[in-house]
Amino acid sequence: MLLVSLATSAADEKFRCGKWIASSDMSVAELLAKCGEPTSRTEVVEDVMVRNANNGLMLKAGETIIETWTYDRGTTAAPMVVTIIDGSIRRMERAK
C-alpha cells in the first residue's frame, strides 16, 4: 500500500504559474486561465478495447484522447508535464 501511495504522490505534483498554484484538482479550463497555453502539446487517440463475453474476441468499444502538455518554467526549474485524458487532468510531474 505504501508504495502505491508514494508513486501516486510523486506523479501528482503542483507547480506555480505566476501568482497561482496549478494542481491536478483543476479543470483544463482553469489550468489554461491561470497558466496560459503550454509551451508544447501532443495528442494521441487510442482505441478502447473490451473482451466479448460470448466469444472472447477483443472489440473496439470507443476511443480515448490522451494529451500531453509541457510548461517550460525557465532555466532554474524543470519543465512540468501535464497529462490530460478525455478532457480531465490526470497527472502533473516534472519532466525527466
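As shown above, the structure is provided for reference.
(A) Local environment of the pairing of strand 4 (residues 58-71). Of the pairings in the sheet, the one linking strand 3 (residues 40-51) to strand 4 comprises twelve bridges and is antiparallel in character. Opposite threonine 42, over in strand 4, you have threonine 68 as the bridge partner. Both strand 4 and strand 5 (residues 80-85) contribute to a ladder of six bridges, which runs antiparallel. From the neighbouring strand, threonine 70 faces strand 5, where its bridge partner is valine 81.

(B) Seen up close, unusual backbone geometry. Not every positive phi belongs to a glycine, and aspartate 86 is a case in point at roughly 50°. By secondary structure assignment, the location of aspartate 86 is in the loop between strand 5 and strand 6 (88-94). Aspartate 86 sits in the partly exposed class, given a relative accessible area of 47%.

(C) Region of interest: the state of the cysteines. Summed over all chains, the structure comprises one disulfide. Between the sulfur atoms of cysteine 17 and its disulfide partner cysteine 35 the distance amounts to 1.9 Å. Because the sign of the S-S torsion sets the handedness, a value of about 90° for the bond joining cysteine 17 and cysteine 35 places this disulfide among the right-handed ones. A residue pair is termed long-range when its members are at least 10 positions apart, and cysteine 17 in strand 1 (residues 15-17) and cysteine 35 in helix 2 (residues 28-35) qualify at 18 residues. Summarising the burial analysis for this pair, cysteine 17 and cysteine 35 share the class buried.

(D) Quick peek at the packing of aromatic side chains. Taken as a whole and judged by the stated rule, the model has one aromatic pair. Measuring from ring centre to ring centre gives 5.7 Å for phenylalanine 15 and tyrosine 71, while their planes differ by 45°; the resulting arrangement is tilted. Highlighted residues: phenylalanine 15 in strand 1 and tyrosine 71 in strand 4, separated in sequence by 56 residues. The burial state of phenylalanine 15 is the same as that of tyrosine 71; both residues are buried.

The rules behind the values
Residues numbered from 1 in each chain as written. Predicted model: local features only at pLDDT ≥ 70, side-chain atom pairs only at ≥ 80, totals over all residues. Heavy atoms only, no water. Pairing = 2+ DSSP bridges. Helix = DSSP H or I, 4+ residues; strand = E, 2+ residues; numbered from the N terminus. Buried < 20%, exposed > 50% of the residue type's maximum accessible area, 1.4 Å probe, protein only. Disulfide = S-S within 2.5 Å. Phe/Tyr/Trp six-rings, centres within 6.5 Å; stacked < 30°, edge-to-face > 60°.

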